[in-house]
Amino acid sequence: MTNEHRCIFADVCKYAGQELYCHDYCFPFRKAHGESGDGGLVGLSQIPKKYRACRVSNLPIKGENPETYEAIVSICENIEVFIDGGVGLYLYSTPNKLNPKGTGTGKTTSACTIGNTYLAHRIQQHIKGIREIKGTTPVLFVKMSQLQNKYNSQFRGTKEMQEQSSKEFYKLKKTMIETDLLIVDDIGLRGSTEAFTNEFYEVIDDRATDEKACIFTSNIPLDEIGGVLSEQIESRIYGSTEQLDFRGRDYRRVK
């Protein structure tokens, strides 16, 4: 069985699909996906499994969002210039009659397409000895609601459970600050406490100061984030991202 359908390098590898080379013992495959095929640097990125096959070649947004599609393609074709240059993105939906909540328009798919492209690029650099991957994963995907839940778990259960949850949250926070590309999915979905907002602001502020790229996805425009989280967070995101609008139907509901 060959690995072209699950390997992050499939689009750029000349041996993809060839039984003699495309197998579990391929060194680049093992570096990216680990011995099990579900680990490695791809696993550490926390990009959900349903989005790990997202590539420019299968990006489904061209029909209803041609300008946004071209922007995503341009970023992926010049991935090092954009991401290492600290160019962030705010991907948001514009509701319409057929899709009043603006969900399922391809924002997360687009964000993960960029994330997968950059991760493959960095792993290739590492393997070729051009630029070593040190310390942490080059790409980290975090769903905002899960981050809030992880923060809140510090204050629930036994003392031991709270201490363990605290260690996990601050370890994740450290990785969010240090990773080359941070993807925060569904920001603005719900409000938060002042304490959590302050923690999240520290991440955004540190990354903005160090000019590290962030990609945010949301179902609301950026100028509404201040009302959900804080004006400081809105300002930091505004100053460190380019905004891309997604329109059209909810692809998740199309049968």
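So, here is what we can say about the structure in this document. (Residues numbered from 1 in each chain as written. Predicted model: local features only at pLDDT ≥ 70, side-chain atom pairs only at ≥ 80, totals over all residues. Heavy atoms only, no water.)

### A word on the pairing of strand β4 (residues 213-218)
- Taking burial as the measure, the six residues of β4 include six buried ones, the bulk of the element.
- Here β4 shows a buried face lined by Ala213, Ile215 and Thr217 and a second buried face lined by Cys214, Phe216 and Ser218.
- For strand β1 (residues 88-93) and β4, the ladder comprises four bridges, and the chain directions are parallel. Looking across to β4, one finds that tyrosine 92 is bridged to serine 218.
- Sheet topology places strand β3 (residues 181-185) next to β4; four bridges connect them, and they run parallel. For valine 184, the partnering residue across the bridge sits in β4 and is phenylalanine 216. (Buried < 20%, exposed > 50% of the residue type's maximum accessible area, 1.4 Å probe, protein only. Helix = DSSP H or I, 4+ residues; strand = E, 2+ residues; numbered from the N terminus. Pairing = 2+ DSSP bridges.)

### Overview of the environment of isoleucine 130
- Counting through the fold element by element, isoleucine 130 comes out in the loop between α5 (107-128) and β2 (139-143).
- Sequence spacing of isoleucine 130 and arginine 156 is 26 residues, and the spatial spacing of their C-alpha atoms is 46 Å.

### Brief notes about the pattern of salt bridges
- Under the criterion given, the structure shown has 13 salt bridges.
- Glutamate 35 is paired through a salt bridge with arginine 30; the nearest N and O atoms lie 3.4 Å apart.
- Between glutamate 168 and lysine 150 there is a salt bridge, and its shortest N-O distance comes to 3.7 Å. One end of the pair, glutamate 168, is in helix α7 (residues 159-178); the other, lysine 150, is in helix α6 (residues 144-152), and 18 residues separate them in sequence.
- Look at glutamate 168 and you get partly exposed, because its relative accessible area is 36%.
- Residues joined by salt bridges that share partners form a network here, namely Lys143, Asp185 and Asp186. (Salt bridge = Lys/Arg side-chain N within 4 Å of Asp/Glu carboxyl O.)

### Digging into α6
- Turning to α6, its buried residues are Met144, Ser145, Leu147, Gln148 and Tyr151. The buried residues of α6 occupy one face: seen down the axis, they fall within an arc of 160°. (Arc of directions from axis to C-beta.)

### As for the packing of α6 against α7
- Put simply, α6 and α7 touch, their axes get as near as 9 Å, and they point 140° apart. The angle between α6 and α7 falls in the class oblique. In this structure, the crossing between α6 and α7 has a hand that is left-handed. Along the contact surface, α6 presents Leu147, Lys150 and Tyr151, while α7 presents Glu168, Phe169, Leu172 and Met176.
- In terms of residue class, the contact of α6 with α7 is made up of five nonpolar, no polar and two charged. (Axes fitted to C-alpha atoms, helices over the stretch in contact; angles between N-to-C directions. Parallel < 35°, antiparallel > 145°, perpendicular 65-115°, else oblique. Left-handed = near helix turned anticlockwise from the far one by under 90°. Contact = heavy atoms within 4.5 Å. Nonpolar A, V, L, I, M, F, W, Y, C, P; charged D, E, K, R; others polar.)

### Brief notes about the packing of helix α3 (residues 66-77) against α5
- It is at 9 Å that the axes of α3 and α5 come closest, and there the two elements cross at 10°. By the angle between their directions, the pair α3 and α5 is classed as roughly parallel. By crossing handedness, the relation of α3 to α5 is classed as right-handed. On α5, the residues that touch Ile72, Ile75 and Cys76 of α3 are Ser110, Thr113, Ile114 and Thr117.
- Its residues assigned to classes, the contact of α3 with α5 comprises four nonpolar, three polar and no charged.

### Notes on the packing of aromatic side chains
- By the definition in use, this model includes seven aromatic pairs.
- Each ring, one from tyrosine 15 and one from tyrosine 21, has its centre 4.2 Å from the other, and the planes form 35°; the classification is tilted. (Phe/Tyr/Trp six-rings, centres within 6.5 Å; stacked < 30°, edge-to-face > 60°.)

### Overview of the environment of cysteine 76
- With respect to the element layout, cysteine 76 can be found in helix α3.
- Residue cysteine 76 is classed as buried on the basis of its relative accessible area, which comes to 10%.
- Taking the C-alpha atoms as reference, cysteine 76 lies 9.1 Å from glycine 115; in sequence the two are 39 residues apart.
- Here cysteine 76 is in contact with Val56, Thr113, Ile114 and Thr117, once residues within four sequence places are set aside.

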